[in-house]
Amino acid sequence: MKRDYTIDIHHLTRVEGHANINITVREGRLVDARWAVVETPRFFEVMLKGMSAERVPFLTSRICGICSISHALASIRSLERAMNIVPPIVAEKTRLLAMHGETLQSHALHLFFLAAPDFAGTASVLPLMESHPDIVRAGLKLKELGNEISRVTTGRCTHPVSLVVGGLSKAPDKAQLAALQKMIRERKPLLETACAFFRTLAIPDFSRETEFISLSNGTSYPAIGGDLVSSDGIRRDENDYLLMTNEYTKDFSTTKFTRLSRETSAAGALARFNNSSPFLHPEALKAAESFGFRPVCHNPFMNNIAQLVECIHILEDAELLIESLLDMELSSIKTPWKAEAGSATGAVEAPRGILYHHMETDSEGRVVKADCIIPTTQNNANIDLDLKAITEWALEKGKNDREIEKLCEMVVRSYDPCISCSVH
Amino acid sequence: MNQQGLRFEKLKIASFDFTCCEGCQLQLANRESTLADFLRLLDIRNFREISSERHDDYDIALIEGSISRSDEVPRLQAIRRQAKVLVAFGTCACFGGVNSLKNRVSSEAAVREVYGEMKVETMPVRRVSEVVKVDLSIPGCPVAKEEVERIIVSLVTGAQVALPKYPVCVECKAALNTCLFELGEICLGPITRAGCHAVCTTGKTPCLGCRGPAEEINMEAFLHLVRERGLSLGDLQEKLAFYNSFEAFTP
């Protein structure tokens, strides 16, 4: 076996955005492992300066093609809190349903199209269409369902149309909501198919202890707003997001990094599961149990299973939300508001983890200062340390360079990184 | 491939992203109900976001994103040399898109605002056609998959590719929406190219012009409409500048 080699993965595939993995091994020992993000920065904080509050969610949604609803809602929440606007209950429920749609779409895309090929040993999902047609079809139908939930609630599945400061520009259509309810009930069993498939996959038995950060509202599984909590026992107010993130830069990377109690921390489905599993629907907990998946789990590969468990929870919750929307008068959808000077944080649980937008407005409602801290930004340092740890773990187990390269790619993909988002 | 007795070659296609959110590429995987048929038309040679296979023998290159860093220029030029048809895919590629809003400040000021003292390279945002020759433009933020499907079928069958020449207003009226001007909002629907099925105005939010100007627009009449209704010129400027798609018409 080769004892000296470098692994140099330029522009890792099947992830969103551009990043490289560099591993150097000398005499069978790890010298260096690095996660280098080389994505072109777009400077959204600069673009947001001077923008009117009405227009902000249409700009922030463009930070990400996968989680545009989360970005729209984080900025809407920060502006509403900054200008003391309380959206009507119909808007709150519709927004939560929209988030569920986005998370289902994002998780299905990641699980079936980006991650599954690793476990099946193929370069992409295309060969799986031949070898595992039922699984690919289930993935497509779940992704389509996620997109349909987003479309019915926001007008379009990518870059939402009707999510505005104060509430919604248009109420969801009741006939469409009823059709959506039917579609959810028909497609829910596909998640059982998915669980059965994922139970057959060999998940590497690797773990590295870290700190998990997520939102917590004390009453339900986290989605929009709440306290900022960590598995090391820290709890802070939403507006104190800077104390939770402590952002810093590294000169080889266009993304930033964050830290809290330890050198690194993690956000995302695994963090939410670890911090808030008692609030999951019983069906979701049952599925977790079938994988022997219990908090606190430090195996990064289990983020995939956490996403799957969340999909089950989301569809159960979506059914309840639609039921209550169908019972409500959908006439009051937007609170009239007046611009005022203020500042506040809006935090939401995007599919990949806690997303912070902080906006300061002037008396005309224009953005004076903006700050966006993205889930993948909070995971970058953790990914970097995982690469080092998994290479050492694999060397100890006598794995060769090709096996190590594959494990490194897989561990990065487990985080479902959204790199262009993290650079924004 | 045999379709109704006619033989067609699959399109050797590749997809590349530059400065963007990757939302347009994501649309290629949407409209799941027609996805299998859509993929049958394509021989995907290079598409980093979904596949680890990479080949450089493509005929059609979809370019997503605008150009804002020097390393993107030779990368784009190399794609241009290979591609028979280079497609500006989405609003950022066609017009610069929202990224262009960064151009209001100097690159140095932008870097300082976001990265502080750290050195990060960036240039003023350019649309793809400012760097290489573009053969075909498919605008939209994001692109409309239905339109992409129609264009891909045209390319496979050798039919002429055309975008609607008329404005979003036509589609909005057909959807029986109340005009947003009647609700006191400036909407760019009267001057923006259709093809989106008026998705924003149907959701009661004004058109921001992501598909760029319709053909033969009457900007004077449009400005007259805004003034006549006493609507804010500042609001108009913000909307016209949003995607940088009306650069040539900005009053």
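> Could you give an account of the overall build of chain A, with specific residues and numbers?
A tally of regular secondary structure across chain A gives 15 helices and twelve strands. A principal-axis box enclosing the C-alpha atoms of chain A has dimensions of 70 × 45 × 35 Å. By residue count, 58% of the 424 residues in chain A fall in the buried class.

> Please give an account of the packing of helix α6 (residues 133-154) of chain A against helix α8 (residues 190-199) of chain A that cites residues and values.
Helix-helix packing: each pair is described by the crossing angle between the helix axes and the interaxial distance. Residues and elements named next belong to chain A. Two elements in contact, α6 and α8, have axes whose closest approach is 10 Å; the angle formed by their N-to-C orientations is 135 degrees. Comparing their axes, α8 and α6 come out oblique. Our pair here, α6 against α8, has a crossing hand that is left-handed. From α6, D134, I135, A138, K141 and L142 reach across to α8, where they touch L190, T193, A194 and F197. The class makeup of the residues in the contact of α6 with α8 is six nonpolar, one polar and two charged.

> I'd love a proper account of the sheet that holds strand β6 (residues 211-216) of chain A, names of residues and values included.
All names here are of chain A. Read across the sheet, four strands follow the order β8-β7-β6-β9 without closing on themselves; strand pairing throughout is mixed. Each of the sheet's edge strands pairs with one partner strand only, and the pair in question is β8 (235-236) and β9 (265-266). The pairing of β6 with strand β7 (residues 227-230) spans four bridges and is antiparallel. Looking at the pairing, S216 lines up with D227 of β7. Helix-sheet contacts for helix α10 (residues 269-276) involve β6, β7 and β9, and the interaxial angle to β6 is about 75 degrees.

> Please give an account of the confidence of the model for chain B that cites residues and values.
Residues of chain B with pLDDT of at least 70 account for 97%, and the chain-wide mean is 94. The ipTM value of the predicted complex is 0.96, and its pTM value is 0.97.

> Explain the pairing of strand β6 (residues 85-89) of chain B to me, and be specific about the residues and the numbers.
Looking down a regular strand, the side chains alternate between one sheet face and the other. All names here are of chain B. Counting buried positions along β6 gives four out of five residues, so the element sits mostly inside the fold. Pairing geometry for strand β5 (residues 60-64) and β6, over five bridges, is parallel. Directly across from I63, in β6, lies its bridge partner A88. Between β5 and its parallel partner β6, the chain crosses via helix α3 (residues 72-82), and the hand of that crossover is right-handed. Where β6 meets strand β7 (residues 136-138), three bridges bridge the pair, whose relative direction is parallel. Paired with V87 across the two strands is L136, which belongs to β7.

Cut-offs used in this document
- Residues numbered from 1 in each chain as written.
- Chains lettered and ligands numbered in written order.
- Predicted model: local features only at pLDDT ≥ 70, side-chain atom pairs only at ≥ 80, totals over all residues.
- Helix = DSSP H or I, 4+ residues; strand = E, 2+ residues; numbered from the N terminus.
- Buried ≥ 20, exposed ≤ 12 C-beta atoms within 10 Å, placed from the backbone.
- Axes fitted to C-alpha atoms, helices over the stretch in contact; angles between N-to-C directions.
- Parallel < 35°, antiparallel > 145°, perpendicular 65-115°, else oblique.
- Left-handed = near helix turned anticlockwise from the far one by under 90°.
- Contact = placed C-beta atoms within 7 Å.
- Nonpolar A, V, L, I, M, F, W, Y, C, P; charged D, E, K, R; others polar.
- Pairing = 2+ DSSP bridges.
- pLDDT = per-residue confidence, 0-100.
- Right-handed = clockwise from strand over helix to strand, strands pointing away.

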